[in-house]
Amino acid sequence: MPCVGDWLNSPLSIVQGIFAQNVPNSDWEKKVTEYFKEKLKENNATNWVPSLNDVPVHYLKPNSLVKFRCMVQDMFDPEFYMGVYETVDPNTNARVLHFGKYRDVAECGPQQEIDLNSSQTVTSERQTFYCVPVPGESAWFHAYISASQARVSPSTSYTPSRHKRSYEEDEDMDLHPSKQKEQHMGNSCCSGGDIHGCAEPKRLETEASAGHHVISPNCSPPLDLNFPLPGEKGPACLVKVYESWESFKVNDVLEVFGVLSVDPVLSIMNSEERDSSTLDPMECMDTAEEQRVHSPPASLVPRIHVILAQKLQHINPLLPACLNEEESKTCEFVSNFMSELSPVRAELLGFLTHALLGDSLAAEYLILHLISTVYARRDVLPLGKFTVNLSGCPRNSAFTEHLYRLIQQLVPASYHLQMSIESMNHSRFIPHKDYTANRLVSGLLQLASNTSLVIDETQLEQGQLDTAGVHNVTALGNLITWQKVDYDFNYHRMEFPCNINVLITSEGRSLLPSDCQVHLQPQIIPPNMEEYMSSLLTAVLPSVLNKFRIYLSLLRLLDYSISDEVTKAVEDDFVEMRKNDPESVTADDLHKMLLVARFLSLSAGQTTLSRERWLRAKQLEALRKARLQQQKCVNGNEL
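Predicted, not measured: the structure shown is a model, and the values here were computed from it. (Residues numbered from 1 in each chain as written. Predicted model: local features only at pLDDT ≥ 70, side-chain atom pairs only at ≥ 80, totals over all residues. Heavy atoms only, no water.)

A. Broad picture of the overall build of the protein. Helix and strand counts for the protein stand at 20 helices and 21 strands. A sequence separation of at least 24 residues applies to 79% of the contacts in the protein between residues at least 6 apart. Here the protein displays about 29400 Å² of accessible surface, and carbon together with sulfur accounts for 51% of that area. (Helix = DSSP H or I, 4+ residues; strand = E, 2+ residues; numbered from the N terminus. Contact = heavy atoms within 4.5 Å. Areas by Shrake-Rupley, 256 points an atom, 1.4 Å probe, with all protein chains shown as cover.)

B. Focus on the environment of Phe-429. Within the secondary structure layout, Phe-429 lies in the loop between α14 (421–426) and β15 (432–434). Assessed through its relative accessible area of 0%, Phe-429 is described here as buried. Along the backbone, Phe-429 and Gly-443 are 14 residues apart, and their C-alpha atoms lie at a distance of 4.6 Å. If near-sequence neighbours (up to four positions away) are discounted, Phe-429 is found in contact with Leu-417, Ser-423, Met-424, Gly-443, Leu-444, Leu-445, Asn-472 and Leu-476. (Buried < 20%, exposed > 50% of the residue type's maximum accessible area, 1.4 Å probe, protein only.)

C. Representation of helix α15 (residues 467–482) within the structure. With 16 residues, α15 should reach 22 Å at 1.5 Å per residue; the first-to-last C-alpha distance of 22 Å fits that figure. Buried-residue contacts for α15 involve β14 (414–418), α14, β17 (452–456), β18 (484–488) and β20 (501–505). Its side-chain oxygen 3.2 Å from the backbone nitrogen of Ala-468, Asp-466 forms the N-cap of α15. (Expected span 1.5 Å × (residues − 1). Polar contact = N/O pair within 3.5 Å; in protein donor to acceptor, adjacent residues only side chain to side chain.)

D. Structural context of the layout of surface pockets. Estimated volume of the largest pocket: approximately 940 Å³. When residues of the lining of the largest pocket are traced back to their parent elements, those giving at least two are β19 (493–497) and α19 (587–603). Tallying contributions element by element places α19 first for the lining of the largest pocket, with three residues. (1 Å grid on protein atoms, 1.4 Å probe; cavity = no way out; pocket = protein on both sides within 12 Å on 5 of 7 lines; lining within 4 Å. Points joined across faces, edges and corners; volume = space filled by probe spheres on them.)

E. Here's a closer look at the pairing of strand β13 (residues 388–391). Residues Val-388 and Leu-390 line one face of β13 and the alternating positions Asn-389 and Ser-391 line the opposite face, and both faces are buried. Inspection of the sheet shows β13 paired to β20 by three bridges, in the parallel sense. Following the sheet pairing, Asn-389 is matched in β20 by Ile-504. Relative to strand β21 (residues 516–519), β13 runs parallel, the two being bridged by four bridges. Pairing of Ser-391 across the sheet is with His-519, part of β21. (Pairing = 2+ DSSP bridges.)

F. Here's a closer look at unusual backbone geometry. Its identity as a non-glycine residue notwithstanding, Tyr-102 has a phi of 65 degrees, on the positive side. The residue Tyr-102 is located in the loop between β3 (95–99) and β4 (105–108) in this model. Phi is positive for Asp-379, close to 55 degrees, though the residue is something other than glycine. By the secondary structure assignment, Asp-379 is in the loop between β11 (376–378) and β12 (381–383). Residue Asp-379 is classed as exposed on the basis of its relative accessible area of 80%.

G. A look at the sheet that holds β13. Strands sit in the order β14-β17-β20-β13-β21 across an open sheet of five strands; the sheet is parallel. Both edges of this open sheet fall to β14 and β21, since each of them pairs with a single strand only. Along the sheet, successive strands turn relative to each other by an average axial angle of 20 degrees, direction set aside. Sitting on the sheet, helix α13 (residues 399–408) touches β13, β14, β17 and β20, and the angle it makes with β14 is about 170 degrees. (Axes fitted to C-alpha atoms, helices over the stretch in contact; angles between N-to-C directions.)

H. Summary view of the packing of helix α12 (residues 360–370) against α19. For the pair α12 and α19, the least separation of the axes is 9 Å and the interaxial angle reads 85 degrees. Taken together, the axes of α12 and α19 are roughly perpendicular relative to one another. Between α12 and α19, the contacting residues are Glu-364, Tyr-365, Ile-367 and Leu-368 on the first element and Val-596, Phe-599, Leu-600 and Ser-603 on the second. Tallied by class, residues from the contact of α12 with α19 come to six nonpolar, one polar and one charged. (Parallel < 35°, antiparallel > 145°, perpendicular 65-115°, else oblique. Nonpolar A, V, L, I, M, F, W, Y, C, P; charged D, E, K, R; others polar.)

I. Structural context of the nonpolar core. Ranked by internal contacts, the top residues of the largest apolar core, which has 88 residues, are Leu-390, Phe-399 and Tyr-551. Top element by residues in this core is α12. It accounts for eight residues. By size, the runner-up hydrophobic cluster in this structure holds 27 residues, among which are Met-419, Ile-430, Leu-445 and Ile-455. (Core = buried A, V, L, I, M, F, W, Y, C linked by side-chain atoms within 4.5 Å.)

J. Structural view of the confidence of the model for the protein. Counting all residues, the mean pLDDT for the protein is 85, and 83% of those residues have values of 70 or more. The model gives residues 156–219 a pLDDT under 50, and that stretch makes 126 contacts with residues more than four places away or in other chains. Every residue in residues 277–283 scores below 50 in pLDDT, and together they form seven contacts with partners more than four places removed in sequence or on other chains. (pLDDT = per-residue confidence, 0-100.)

K. Broad picture of empty space enclosed by the protein. Enumeration over the complete set of coordinates arrives at four cavities of 30 Å³ or more. In this model, the largest cavity occupies a volume close to 70 Å³. Residue assignment for the lining of the largest cavity shows that the elements contributing at least two residues are β1 (65–75) and β16 (439–441). Considering only residue class, the lining of the largest cavity consists of eight nonpolar, two polar and three charged.

L. Layout of the packing of helix α11 (residues 341–355) against α12. Here α11 crosses α12 at 120 degrees, and the two axes come no closer than 8 Å. One way to sum up the angle between α11 and α12 is to call them oblique. Handedness of the α11/α12 crossing: right-handed. Each of Arg-345, Leu-348, Leu-349, Leu-352 and Thr-353 in α11 lies in contact with α12, whose residues at this interface are Ser-360, Ala-363, Glu-364, Leu-366, Ile-367 and Leu-370. Its residues assigned to classes, the contact of α11 with α12 comprises seven nonpolar, two polar and two charged. (Left-handed = near helix turned anticlockwise from the far one by under 90°.)

M. View of the pairing of β1. Counting buried residues in β1 gives 10 out of 11 residues, a clear majority hidden from the surface. In terms of strand pairing, β1 meets strand β6 (residues 122–132) through four bridges, oriented antiparallel. Looking at the pairing, Met-75 lines up with Phe-129 of β6.

Now the structure itself:
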């Protein structure tokens, strides 16, 4: 275990030391970042940093170093704060410089006050992201992360100050700000307007707040944490970013390391600001609702002041966090796993074949679907998407639900969307801008990259779609076809590109577009579907399941190319196919075969297309088409 020193428990004291040694040199900020970057490289020290994803916030010491794995759900306007400020002792005129970075409130010692007119004051800018846990994270994912993290118990190594209360008391105070204000005024030695001579350090908010509207605490609705998916758990956080925030965007998945701020004084200040708005309504710039959303109680929505942040390529904890194309060629982890790829693929194929009721062809296409990813965009066309429509699914056996549970055990993030007239008409799929609260209200389709979205059409009944339902179905079609979601900004729509793996299950051909339709041909019909599917999972060793999970995540990250020689052979082959059957072989068929060949090659660990894989792709496509044609003849209509 690495030495858990001040850098973990009291990071602000480390920052203070670096600041004191380097002021007035502006390099102190860079040295802080470098210090923590080096500390986190030592002996897997990242595992010893408590995670807000797994540890309740009231277990964590305020102002300690924490980490948070999250998706950027919204970006608020930049805010100004006092990066450097000066305090003065009125009795001795002694002056001391302080840093305001990584803090919500500025602090000064006894018998000191902040000199707001000091020439030493530096006003800086930071960006606030509203971040939520990655939508649809799987249970196995949380279990693995929790097992690899250091155990965190409620901290007993510090004595809470007058501003620190229990989580439950905080919640009660947040719901009753009047009680909170009374307690604050009763305990404070600064009451009566005297802001000099306090026995405890005094605090001044460093954030330039603009909101001064009245809001009735008794009438305000409960705080909506704005999770994209229903039933999600975990904290939402206001993540304060100080450097390179322009490199991040909405829906990016980040891992941030920073200083936890849950000071209840924030709630007191916000309450006082709302009360003071009655004095001069002309000063109001934000609505009461905007202030409530942008400055929620710190006990419910903690703040993290970011020291280090990185954009994650994937969220699979079984893989190294950063694994670009160059690293994948030399990484020992990758080379070791690639050496045993063939048996892993064979076992996964057998597992999915049983899950698909003995249909090995459908299992082949499901593997290709699960490793597919958008690797590039040509104009508006996303390259690499591979939406599969699995038709012929049993209707009355909850087959899709059980299949989804198996897929959920293989991927880090997923969501099961049951398509019905009611869900289409009443669900919110598309995020939209709420200009009153000045925030982006989330929708079901605000998902992180490489999320597996399973859409179940087998329960769809006849009925009438209303306007909202039509918009939702259109949004699903755009997601599948263009891998984009058009967010609603009332006066216009803004395109947000995405990379979502969509699997559609249906009885006949799906109402939604797809890249590939595979008609299921069950070889076995289990009398008890739930018991059958559950037995599949219990029969697989946890170590084998982990190999499946690594396999599906790793192959998405591999590079792929086609040599000039193979390109020429494919072109000649396609010309020959057109000669033999000009009616049924189209350019779209060529594109589909190349896509199948790409993922077939990657599924075998090959990063270039070989003649053998091309022929196998043609064979799979011929079998798939023959099956569709056979079903068409049986039913007398097109699937």
